[in-house]
Amino acid sequence: RWIYQVGNHTVAKTVFMVQTANTTVVAYQNTGHQAITLRLNPLFVHRDYHSLFHQSDSFNYHLDRADFRLKLYAHFGAEPLHWAFSTGVFIENRAW
């Protein structure tokens, strides 16, 4: 667990993996006394941890949206990456 503090604002971050599942959970909790807005910029890269990645036209990412859930496909026929969040909005930005 990591604790971040800026002025009077405090946020706790917890990261864990679900046993027997290919799932990682990253949870943020406002542990301060004032409301905050948290802006996250996830980088989704469809590769294994042994590989490097560079911009490629063969990765034409497709995104399916449903409420607070996303399914990201790196290319046609690829297994999707599932992403869920409890509140907020996802704004797509394909800047490389």
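In short, a report on the structure. (Residues numbered from 1 in each chain as written. Predicted model: local features only at pLDDT ≥ 70, side-chain atom pairs only at ≥ 80, totals over all residues. Heavy atoms only, no water.)

1. Topic: unusual backbone geometry
Positive phi, close to 65°, is recorded for threonine 20, a residue that is not glycine. Topologically, threonine 20 is positioned in the loop between strand E2 (9-17) and strand E3 (24-30). On the accessibility criterion, threonine 20 (83% relative accessible area) is exposed. Positive phi is not limited to glycine here, since aspartate 67 has a value of about 50°. According to the relative accessible area criterion, aspartate 67 is exposed, its value standing at 78%. (Helix = DSSP H or I, 4+ residues; strand = E, 2+ residues; numbered from the N terminus. Buried < 20%, exposed > 50% of the residue type's maximum accessible area, 1.4 Å probe, protein only.)

2. A short note on the environment of leucine 40
Of note, leucine 40 is situated in the loop between E3 and strand E4 (62-66). In sequence terms leucine 40 and phenylalanine 90 are 50 residues apart; their C-alpha atoms lie 9.3 Å from each other.

3. As for the packing of aromatic side chains
In the structure shown here, the tally under the stated rule is three aromatic pairs. Taking 5.2 Å as the distance between ring centres and 45° as the angle between the ring planes, the aromatic pair formed by tryptophan 83 and phenylalanine 85 counts as tilted. On the accessibility criterion, tryptophan 83 (25% relative accessible area) is partly exposed. Accessibility expressed as a relative area gives 17% for phenylalanine 85, which makes it buried. Measuring from centroid to centroid gives 5.4 Å for tryptophan 83 and phenylalanine 90, while their planes differ by 70°, and the two rings are edge-to-face. Judged by relative accessible area, which is 15%, phenylalanine 90 ranks as buried. Feature note: the residues Phe68, Trp83, Phe85 and Phe90 constitute an aromatic cluster, connected by ring pairs. (Phe/Tyr/Trp six-rings, centres within 6.5 Å; stacked < 30°, edge-to-face > 60°.)

4. A word on a nonpolar patch on the surface
A cluster of nonpolar side chains, namely Trp2, Tyr4, Val15, Val26, Tyr28, Leu38 and Leu40, defines an oily patch on the protein surface of about 650 Å² accessible area. Counting only elements with at least two residues in the nonpolar patch, the list comes to strand E1 (2-6) and E3. Along the polypeptide, valine 15 turns up in strand E2. By relative accessible area, valine 15 is classed as partly exposed at 38%. (Patch = residues over 30% accessible without salt bridge, like charges linked within 9 Å, V, L, I, M, F, W, Y side chains within 5 Å. Areas by Shrake-Rupley, 256 points an atom, 1.4 Å probe, with all protein chains shown as cover. Salt bridge = Lys/Arg side-chain N within 4 Å of Asp/Glu carboxyl O.)

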